[in-house]
Amino acid sequence: QVQLVESGGGLVQAGGSLRLSCAASGRTFNVYGMGWFRQAPGKEREFVAAISRSGGMTYYADSVKGRFTISRDNAKNTVYLQMNSLKPEDTAVYYCAATLRIISTAQAMEISQYDYWGQGTQVTVSS
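Residues numbered from 1 in each chain as written. Predicted model: local features only at pLDDT ≥ 70, side-chain atom pairs only at ≥ 80, totals over all residues. Heavy atoms only, no water.

Engineer: How would you summarise the packing of aromatic side chains if you had to cite specific residues and measurements?
Structural biologist: Per the counting criterion, the structure on display carries four aromatic pairs. Considering the side-chain rings of Phe37 and Tyr114, the 5.1 Å spacing of their centres and the 80° angle between planes classify their relative orientation as edge-to-face. A residue pair is termed long-range when its members are at least 10 positions apart, and Phe37 in strand 4 (residues 33–39) and Tyr114 in the loop between helix 1 (105–108) and strand 10 (116–117) qualify at 77 residues. Each member of the pair, Phe37 as well as Tyr114, carries the same accessibility label: buried. (Phe/Tyr/Trp six-rings, centres within 6.5 Å; stacked < 30°, edge-to-face > 60°. Helix = DSSP H or I, 4+ residues; strand = E, 2+ residues; numbered from the N terminus. Buried < 20%, exposed > 50% of the residue type's maximum accessible area, 1.4 Å probe, protein only.)

Set out below in structure tokens:
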């Protein structure tokens, strides 16, 4: 089992920045990829970003490219999501996820490819 705990969410004005963290514990040596997803009220959960075990491969949704950066510190079993130039439409609950599989670019965006999920952290961007 792998446990994931997100932190770093909050309220920020449009144009501002936040950094989310996701701390993993348990059988983390089995984890290959890590991802961030988000879910806004009344909408489906959607892919935001993902990163491979080594950090050498990253994937982003078109809506966040150039504004968000995903990174990981394997020594700390932590994944980060640096979010800059935030917009009101970025408001959502952000979830961290972990997969035990080696996944392709297309698969990295699929909710079904992830085996473990955190409880989520709220990000609210005011206009």
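Engineer: Report on the sheet that holds strand 7 (residues 68–73), specifying residues and quantitative values.
Structural biologist: Pairing between the strands of a sheet comes from backbone hydrogen bonds, and it takes one of two forms, parallel or antiparallel. The four strands are arranged 1-3-8-7 in an open sheet whose pairing can be described as antiparallel. The two strands at the open ends of the sheet, each matched to only one other strand, are strand 1 (2–7) and strand 7. Pairwise comparison of adjacent strand axes, ignoring direction, gives a mean angle of 15° for this sheet. The pairing of strand 1 with strand 3 (residues 18–26) spans six bridges and is antiparallel. The residue bridging Val5 from the neighbouring strand is Ala23, located in strand 3. (Pairing = 2+ DSSP bridges. Axes fitted to C-alpha atoms, helices over the stretch in contact; angles between N-to-C directions.)

Engineer: Could you give an account of the state of the cysteines, with specific residues and numbers?
Structural biologist: Inspection of every chain in the model, using the stated rule, returns one disulfide. Each sulfur of the disulfide joining Cys22 and Cys96 lies 2.0 Å from the other. On the S-S bond that ties Cys22 to Cys96, the torsion sits near -80°, and the link is left-handed. A residue pair is termed long-range when its members are at least 10 positions apart, and Cys22 in strand 3 and Cys96 in strand 9 (residues 92–99) qualify at 74 residues. Across this residue pair, the class does not change: Cys22 and Cys96 are buried. (Disulfide = S-S within 2.5 Å.)

Engineer: Tell me about the environment of Val48, and please be specific about residues and values.
Structural biologist: Note on placement: Val48 falls in strand 5 (residues 46–51). A C-alpha to C-alpha distance of 13 Å links Val48 and Ala106, two positions 58 residues apart in sequence. Beyond its immediate sequence surroundings of up to four residues, Val48 is in contact with Trp36, Phe37, Arg38, Tyr59, Tyr60, Ala61, Val64, Phe68, Leu81 and Tyr94. (Contact = heavy atoms within 4.5 Å.)

Engineer: Explain the environment of Gly118 residue by residue, including any values.
Structural biologist: With respect to the helices, strands and loops of the structure, Gly118 is situated in the loop between strand 10 and strand 11 (121–126). Take Gly118: its relative accessible area is 8%, and that puts it in the buried class. Expressed as a C-alpha distance, the spacing of Gly118 and Tyr95, which sit 23 residues apart in the sequence, is 5.8 Å. The contacts of Gly118, once residues within four sequence positions are left out, are Leu4, Glu6, Tyr95 and Cys96.

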